[in-house]
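# Commentary on secondary and tertiary structure
What follows is each chain in one-letter form.
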Amino acid sequence: MLAPAKLGIAAVSALLVLALLSPLIVFLMEAQRNPEGFMYVKATARPLNGTHVEVTVAVLYSGTVPLRDFAVTLNGRELAVGDVSRGNNTRVVVLGAGELGGGPLRITALSYRVAGLYYIKVHMG
Amino acid sequence: MGRALIPIIKKVLGGVLTGLTYYLVYVVLLPQVLSALLRTPLEAGHAISFIALFVSLGTAESVLRSHPVSIPLRAVPKLLGALILYVVLNGGHLEVPAEGTVLRTELDLSPLLHAIILLSLLYGSMDAFSYYTARDST
């Protein structure tokens, strides 16, 4: 009596695992197909006044899988960009002048959740 | 005597096949698919030990199918498979080096792993429960 139910659960399990994996598969395939232009992140800063700077983080993303909770680590400080979808995504943040330290802006890590599921953090250097 | 052995041999062969199937799904297929996808080596190792373990559990379950001891024996291979997968995937937390670059990527596969564990539990429980339905129908 339970044999059809067991078979059904096995089939649904396989489909569910495949469905859960599909955003990651699509994301990795798109990244491998176009490694240069898949994602471009740029951060610029301009002084607002003597005490604050305006930091603009632009994420140009050509993938089809939405990325949730996108964050950029800039000079050791993590800045939340929010959700990123295909196209140009920009976030402007005002920070205290000393919060990014001295020297040029340097992106040291990117983090996001692929389709809101799989957390990925890319460390640079 | 020869005829009496045939059902036992059938049960043993069925158990061996069941054990090999669980071994292939949990220890070979799933890690290999993820390894190819992430381009990072993911291997359980100890192949002979795992094959022996799954085959013995499968055979025991098959031979003792009509005995109450088969209730846990039906659930254990699925849970064991999920546990091995959990260990192979380091609890879902993987570090993937990018070849030829200074990039280092951390990846959290725990949502997928949790789903596999949950589905294994569900399937294992259902299989264990099928002992009662099989007994009632006889």
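All figures in this text were calculated on a predicted structure; none of them were measured in a lab.

Right, let's get into the overall build of chain A. Across its full length, chain A carries one helix and seven strands. When its helices and strands are written in sequence order, chain A yields α-β-β-β-β-β-β-β. Rg of the C-alpha trace for chain A: 20 Å, well past the compact-globule value of 14 Å for 125 residues, more than 25% over. Each of the 125 residues in chain A was classed as buried or not, and the buried ones make up 17%. Taking the intrachain contacts of chain A between residues at least 6 apart in sequence as the baseline, contacts between residues at least 24 apart amount to 57%.

Our focus in this paragraph is the overall build of chain B. Per the secondary structure count, chain B includes four helices and two strands. Beginning at the N terminus, the succession of helices and strands in chain B can be written as α-α-α-β-β-α. The C-alpha radius of gyration computed for chain B amounts to 18 Å, which surpasses the reference 14 Å derived for 138 residues by more than 25%, pointing to a less compact arrangement than a globule. Dimensions of chain B along its principal axes, counting C-alpha atoms only, are 70 × 30 × 15 Å. Counting the 138 residues in chain B, one finds 27% classified as buried.

A word on the interface of chain B and chain A. Contacts between chain B and chain A engage 21 residues on the former and 22 residues on the latter. Within the residue set of the side of chain B that touches chain A, elements represented by two or more residues are strand E2 (104-108) and helix H4 (110-137) of chain B. With twelve residues, H4 of chain B is the largest single contributor of residues to the side of chain B that touches chain A. Taken together, the residues of the side of chain B that touches chain A sort by class into 13 nonpolar, four polar and four charged. Inspection of the sheet shows strand E7 (residues 118-123) of chain A paired to E2 of chain B by five bridges, in the antiparallel sense. Across the sheet, the residue bridging to Lys-121 of chain A is Glu-106 of chain B, located in E2 of chain B.

A word on the sheet that holds E7 of chain A. An order of E4(A)-E3(A)-E6(A)-E7(A)-E2(B)-E1(B) is seen for the six strands of this open sheet, with the pairing classed as antiparallel. Every interior strand has two partners, whereas the edge strands, strand E4 (77-84) of chain A together with strand E1 (93-97) of chain B, have only one. Direction aside, the axes of adjacent strands within the sheet are offset by 15 degrees on average. In this sheet, strand E6 (residues 107-114) of chain A lies alongside strand E3 (residues 67-74) of chain A in antiparallel orientation, the contact comprising six bridges.

All right, on to the packing of helix H1 (residues 2-38) of chain B against helix H3 (residues 70-88) of chain B then. Residues and elements named next belong to chain B. Running from N to C, H1 and H3 point in directions that differ by 20 degrees, and their axes come no closer than 10 Å. Judged on the interaxial angle alone, H3 and H1 are roughly parallel. In this structure, H1 meets H3 at a crossing whose hand is right-handed. Every residue of H3 that contacts H1 at Gly-19, Tyr-22, Val-25, Tyr-26, Val-27, Leu-30 and Pro-31 is listed here: Pro-77, Gly-81, Ala-82, Ile-84, Leu-85 and Val-88. Split by residue class, the contact of H1 with H3 holds eleven nonpolar, two polar and no charged.

Another point: the packing of H1 of chain B against helix H2 (residues 47-63) of chain B. Between two packed helices, both the angle of their axes relative to each other and the distance between the axes serve to describe the pair. Residue and element names in this part refer to chain B. Here H1 crosses H2 at 140 degrees, and the two axes come no closer than 7 Å. Relative to H2, the element H1 is oriented oblique. For the pair H1 and H2, the sense of crossing is right-handed. Taking contact as the criterion, the partners of Lys-11, Val-12, Gly-14, Gly-15, Val-16, Thr-18, Gly-19, Leu-20, Tyr-22, Tyr-23 and Val-27 in H1 are, on H2, Phe-50, Ile-51, Phe-54, Val-55, Leu-57, Gly-58, Thr-59, Glu-61, Ser-62 and Val-63.

Right, let's talk about the confidence of the model for chain A for a bit. Of the residues in chain A, 98% reach a pLDDT of 70 or more, and the chain-wide mean stands at 89. Within chain A, helix H1 (residues 3-33) of chain A has the poorest average pLDDT of any element, 88, and E3 of chain A the best, 94.

This brings us to the sheet that holds strand E1 (residues 39-47) of chain A. Residue and element names in this part refer to chain A. Judged by pairing direction, the sheet is antiparallel, and its three strands sit side by side in the order E1-E2-E5 without closing on themselves. What marks the edges here is a single partner per strand, and that holds for E1 and strand E5 (87-96). When the angles between neighbouring strand axes are averaged without regard to direction, this sheet yields 15 degrees. Looking at chain direction, E1 and strand E2 (residues 52-61) are connected through nine bridges and run antiparallel. What sits directly across from Val-41, in E2, is Val-59.

What follows is about the pairing of E4 of chain A. In regular strands, side chains alternate between the two faces of the sheet. All names here are of chain A. Across six bridges, E3 lies against E4 in antiparallel orientation. Counted as the bridge partner of Leu-74 is Arg-77 from E4. Where E3 folds back onto E4 in an antiparallel hairpin, the turn is made up of two residues, including Asn-75, whose phi is positive at roughly 50 degrees.

Reading the values: the criteria
- Residues numbered from 1 in each chain as written.
- Chains lettered and ligands numbered in written order.
- Predicted model: local features only at pLDDT ≥ 70, side-chain atom pairs only at ≥ 80, totals over all residues.
- Helix = DSSP H or I, 4+ residues; strand = E, 2+ residues; numbered from the N terminus.
- Rg over C-alpha atoms; globule rule 2.2 N^0.38 Å.
- Buried ≥ 20, exposed ≤ 12 C-beta atoms within 10 Å, placed from the backbone.
- Contact = placed C-beta atoms within 7 Å.
- Nonpolar A, V, L, I, M, F, W, Y, C, P; charged D, E, K, R; others polar.
- Pairing = 2+ DSSP bridges.
- Axes fitted to C-alpha atoms, helices over the stretch in contact; angles between N-to-C directions.
- Parallel < 35°, antiparallel > 145°, perpendicular 65-115°, else oblique.
- Left-handed = near helix turned anticlockwise from the far one by under 90°.
- pLDDT = per-residue confidence, 0-100.

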